[in-house]
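# A look at the structure
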Amino acid sequence: SAPSTSGLSYVVATSSANTNYSATAVVIVATNTTVSSPTGNLQHGRDFHTATLLPNGKVLVAGGAVYEDVCFAGDDSAELYDLALGTFASTGTMTNRRYAQTSTLLQNGGVLITGGFSFDSSACLQDDTSPALASAEIYDPSNGSFAPTGSMAEVRGGHTATLLTNGKVLIAGGDNTGGDDLLPFFHGDGSVTAEVYDPATGLFTSTGNMVTPRVGQTATLLANGDVLIAGGWTASQNASIAAAELYHPATGAFTPTGSMTSPRAGHTATLLPNGKVLIAGGAHDRTLADSDSAEIYDPATGSFLATGSMAVKRCSHTATLLPNGTVLFAGGGSVVTEIYDPSTGSFVLSGLTEFDRSGHSATLLQNGNVILIGGALFEPSYTTAELYQ
């Protein structure tokens, strides 16, 4: 029978004929649960790809990691999800193979794709790594094609790209080589540099350096136009970092702000309707000691304060702001979904996903549903997608 209180339970079935054989199932008990529903399958399996909601309501899904020879390599294919049909269809091919790249919807409706890790057979066979790219390209939804634009000053993968209020894009951090099968973009030192892309000229221009080199960090545009850079990995400390800083577009400078209560990389950062930022989960170090803790950044004070903890530990998960102001958490090592309620500062169990996804994408659709695409627990990457309604 079901437990009398809400929460997570695990049912273990063991063979009476051979006790060496057993299986475990997750049971969720909650007052209001939502079951995700499958939708059309991808043309290609993908994780550490990008998914971008276009003005026409379709979702551009591009790139992703594929296992080639003995290391991860980028994919150059792309496809579109059509909500009305519930299907994926191939679109133009990118000019480079990429995973752990960034994808930014520009104010003119085009999509800027930057950096990511590609593939080089000699580098792969020599040290199991994939080189990062400096190249960038633009996807044109009107004709479904990709075209090169200016290149970055530095190769980057696992970096961040943030659309600024002036229409330009801040590119920050990242790494120059891909990682291993556990942490695909936590390999090198992380970069301290940043640059700005101007859609009017198609050029990247260097801006001020960050205070701390990072890869696998988060970047969040605040209500005042500044950008909060938090956490990430840096090899000089051989661990995730707690330090955070602010980018000021008016001056092009980065300045320190309060440190997080816990070091994190591969975490999420979500701008809440009240202007504060919810930061949750992530990996503490290369042991994959994932976190269930969460905290709130307050721009008014420049400080981080702990908030309620998640029901499960997560890394490479997704956090999606829903139309009602709550935040949906999915994947990252669990099939359990949960909702963060800013009014109570707590997480509430929400439901179960079809697959345990990590390195997937979550996109809020125009009808208020969220589509979870691809990801993987182990290779190969999933071709499946599902809708949270």
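In every chain, residue numbers begin from 1 and rise along the written sequence. Side-chain atom pairs in this predicted model are given and counted only at pLDDT of 80 or more, local residue features only at pLDDT of at least 70, and totals for whole chains, interfaces and linings cover all residues. Computation of side-chain values covers all heavy atoms of the structure but excludes hydrogens and water.

### Let's talk about the side chain of S77
Note that S77 resides in the loop between strand 7 (71-74) and strand 8 (78-82). For each residue, the accessible area found with a 1.4 Å probe, counting protein chains only, is set against the maximum for its type, and the residue is called buried under 20%, exposed over 50%, and partly exposed in between. The exposure class assigned to S77 is buried, which follows from its relative accessible area of 10%. Those residues in contact with S77, other than ones at most four positions away along the chain, are H44, R46, V61, A62, G63 and M94. Put simply, DSSP marks the helices as runs of H or I at least four residues long and the strands as runs of E at least two long, and each gets a number from the N terminus on. Between two residues, a contact is recorded if the distance between any of their heavy atoms is within 4.5 Å.

### Regarding the sheet that holds strand 13 (residues 145-149)
Overall, antiparallel pairing links the 4 strands, which are arranged 10-11-12-13 in an open sheet. A strand with exactly one partner marks an edge of an open sheet, and here the two such strands are strand 10 (102-105) and strand 13. On average, adjacent strands in this sheet sit at an angle of 25° to one another, irrespective of strand direction. Strand pairing requires that DSSP identify at least two bridges connecting the strands. Bridge count between strand 10 and strand 11 (residues 111-114): 4 bridges; the pairing is antiparallel. Residue pairing in the sheet places L105 in a bridge with V111 of strand 11. For helices, the fitted line uses only the C-alpha atoms of the stretch in contact; every axis is such a line through C-alpha atoms, and the angle between N-to-C directions lies from 0 to 180 degrees.

### With respect to the pairing of strand 7
Note on strand geometry: in a regular strand, side chains alternate between the two faces of the sheet. Relative to strand 7, strand 6 (residues 65-68) runs antiparallel, the two sharing 4 bridges. Counterpart to A65 in the pairing with strand 7 is G74. Connecting strand 6 to the next strand, strand 7, in antiparallel fashion are 2 residues, including D69 with a positive phi near 55°.

### A closer look at the environment of A376
Along the chain, A376 falls in the loop between strand 33 (370-373) and strand 34 (385-388). Judged by its relative accessible area of 6%, A376 is buried. Spatially, the C-alpha atom of A376 lies 6.2 Å from that of D47, the residues being 329 residues apart in sequence. The residues contacting A376, other than those within four sequence positions of it, are D47, D356, R357, S358, S381 and Y382.

### Some points on the packing of aromatic side chains
Pairing of aromatic rings covers Phe, Tyr and Trp, the last through its six-membered ring, and needs centres within 6.5 Å; plane angles under 30 degrees mean stacked, over 60 mean edge-to-face, and all others mean tilted. Scanning the entire structure with this criterion turns up 11 aromatic pairs. When the centroid spacing of 5.3 Å and the interplanar angle of 55° are considered together, the rings of Y99 and F117 count as tilted. Here Y99, found in the loop between strand 9 (87-90) and strand 10, pairs with F117, found in the loop between strand 11 and helix 1 (121-127); they are 18 residues apart in sequence, far enough to count as distant. Each member of the pair, Y99 as well as F117, carries the same accessibility label: buried. For the pair Y139 and F146, a centre-to-centre distance of 4.8 Å together with 50° between the ring planes defines the contact as tilted.

### Brief notes about the nonpolar core
In this structure, L222, L228, A230, A242, A244, L246, M260, V277, I279, Y297 and F304 together form the largest nonpolar core, which totals 11 residues. For this core, the elements supplying multiple residues, two or more each, are strand 19 (227-230), strand 22 (244-248) and strand 25 (277-280). Setting aside residues up to four positions removed in sequence, Y297 forms contacts with L222, L228, L246, T257, K276, V277, G302, S303 and F304. As used here, the term nonpolar core means buried Ala, Val, Leu, Ile, Met, Phe, Trp, Tyr and Cys residues forming a set that is joined through side-chain atoms within 4.5 Å.

### Some words on the pattern of salt bridges
Salt bridges are defined by distance alone: a side-chain nitrogen of Lys or Arg within 4 Å of a carboxyl oxygen of Asp or Glu. Tallying each qualifying case throughout the model produces 10 salt bridges. Of the charged contacts, one joins D298 and K276 as a salt bridge, the two residues approaching to 3.9 Å between their closest N and O atoms. In this pair, D298 is assigned in strand 26 (residues 294-298) and K276 in the loop between strand 24 (268-271) and strand 25, connecting sequence segments 22 residues apart. Overall, the relative accessible area of 30% leaves K276 in the partly exposed class. Linking E338 and R314 is a salt bridge whose minimum nitrogen-to-oxygen distance equals 2.7 Å. With a gap of 24 residues between them, E338 in strand 30 (residues 336-341) and R314 in the loop between strand 27 (303-307) and strand 28 (318-321) connect regions that are remote in the sequence. Like R314, E338 is buried.

### A few points about the environment of G45
On the secondary structure map, G45 appears in the loop between strand 3 (37-39) and strand 4 (50-53). Exposure remark for G45: the relative accessible area of 19% places this residue in the buried category. Setting aside residues up to four positions removed in sequence, G45 forms contacts with S381, Y382 and T383.

### Let's talk about a nonpolar patch on the surface
What makes a patch is a set of residues exposed beyond 30% relative accessible area and free of salt bridges, joined within 9 Å when like-charged and within 5 Å when nonpolar (Val, Leu, Ile, Met, Phe, Trp, Tyr). Calculation of accessible area relied on Shrake-Rupley with a 1.4 Å probe; when residues are assessed, cover is drawn exclusively from the protein chains displayed. A grouping of Y67, V70 and L125 is seen on the molecular surface, where their side chains present a nonpolar patch of about 310 Å² in accessible area. Mapping V70 onto the fold places it in the loop between strand 6 and strand 7. Assessed through its relative accessible area of 39%, V70 is described here as partly exposed.

### Comments concerning the sheet that holds strand 24
Strand order in this open sheet of 4 strands is 24-25-26-27, and the pairing throughout is antiparallel. Of all the strands in the sheet, just strand 24 and strand 27 have a single pairing partner and so form its edges. Going from strand to strand, the sheet's axes swing by 25° on average, the running direction of each strand aside. Alignment of strand 26 against strand 27, held across 5 bridges, turns out to be antiparallel. Across the sheet, the residue bridging to D298 is S303, located in strand 27.

### Remarks on unusual backbone geometry
For F48, which is not a glycine, the phi torsion comes out positive at approximately 55°. Position of F48 among the secondary structure elements: in the loop between strand 3 and strand 4. With a phi close to 55°, S316 is a non-glycine residue in the positive phi region. You can call S316 buried: its relative accessible area is 18%.

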